[in-house]
Amino acid sequence: MTKYNVIFVLGGPGAGKGTQCEYIVRDFGYVHLSAGDLLREERQRPGSQFGEEIEGHIKNGTIVPVQITCSLLKRAMEKSGKDRFLIDGFPRNRDNLDGWNKEMSDVAKVIRVLFFNCSEQVCVERCLSRGKTSGRTDDNEESLKKRIKTYTESTMEIIEQFRKLNLVSEIHAEKSPEEVFEEVKKVLNELN
Ligand code: C5P
Ligand code: MG
């Protein structure tokens, strides 16, 4: 039985996924779950057996095994008591998608994929400027190169797969947050 409606939010590092999700939460009342945030939280949790493994992947821009990420997502979904979710930064590769389908396809329906399309140059500029204050261990030039590589080599094909299912709404993500949100609103209004 389907309990949850899910919107996946994808795009390169710095494409504005998190920012747009905040706006969507404010105006449309979904619950925002960022896979990256959940992994960073788990990394910091005292006694976590996955802390080092997660940090290794984050620094390297590679993708944490889905068993870890999907169980964090599932637990957060259950704990929220809500039924409409924006899942940000997931699924990022084939392993993520396969794991999700195995674990969640009975209970969760993917109703849309928001794809924030942004040039590499703008993505890099945004992440480097965020890096001045974010405290993130991966908002630096070296990690960014690896994150972009992962995005082009592993995430793009997942987006293409959703596109074939007619689930993708592509958003031009280079304008200001407010302008980008105008496009996002149109998509969400059609869902409601
Ligand atoms: O989405 P965000 O930029 O916060 O992700 C930061 C890092 O977290 C990624 O580069 C990756 O190492 C890790 N991550 C992951 N699997 C996901 C989402 C994020 O391994 N589905
Ligand atoms: Mg984010």
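As shown above, the structure is provided for reference.
Residues numbered from 1 in each chain as written. Chains lettered and ligands numbered in written order. Predicted model: local features only at pLDDT ≥ 70, side-chain atom pairs only at ≥ 80, totals over all residues. Heavy atoms only, no water.

**Student:** Could you clarify how one ought to interpret the pattern of salt bridges in this entry?
**Tutor:** Two side chains that carry opposite charge are able to pair once their charged atoms sit near each other. Under the criterion given, the structure shown has 16 salt bridges. A salt bridge links R136 to D138; the nearest nitrogen and oxygen atoms lie 2.9 Å apart. On the basis of relative accessibility, which here comes to 23%, the residue R136 falls in the partly exposed class. For R163, the salt bridge identified is with E170, shortest N-O distance 2.9 Å. Relative accessible area serves as the criterion here: at 31%, R163 is assigned to the partly exposed category. Overlapping salt bridges bring together R130, R136, D138, D139 and R147 as one network. (Salt bridge = Lys/Arg side-chain N within 4 Å of Asp/Glu carboxyl O. Buried < 20%, exposed > 50% of the residue type's maximum accessible area, 1.4 Å probe, protein only.)

**Student:** Which parts of the structure should I look at to understand unusual backbone geometry?
**Tutor:** Across the chain, the bulk of peptide bonds are trans and the bulk of non-glycine residues have phi less than zero. Of the consecutive residues F90 and P91, the connecting peptide bond is found in the cis state with omega at -5°. In this fold, P91 is placed in the loop between β3 (84-88) and α5 (94-104). One non-glycine residue, N166, adopts positive backbone phi at about 60°. Locating N166 in the fold gives a position in the loop between α7 (141-164) and β5 (168-172). (Helix = DSSP H or I, 4+ residues; strand = E, 2+ residues; numbered from the N terminus.)

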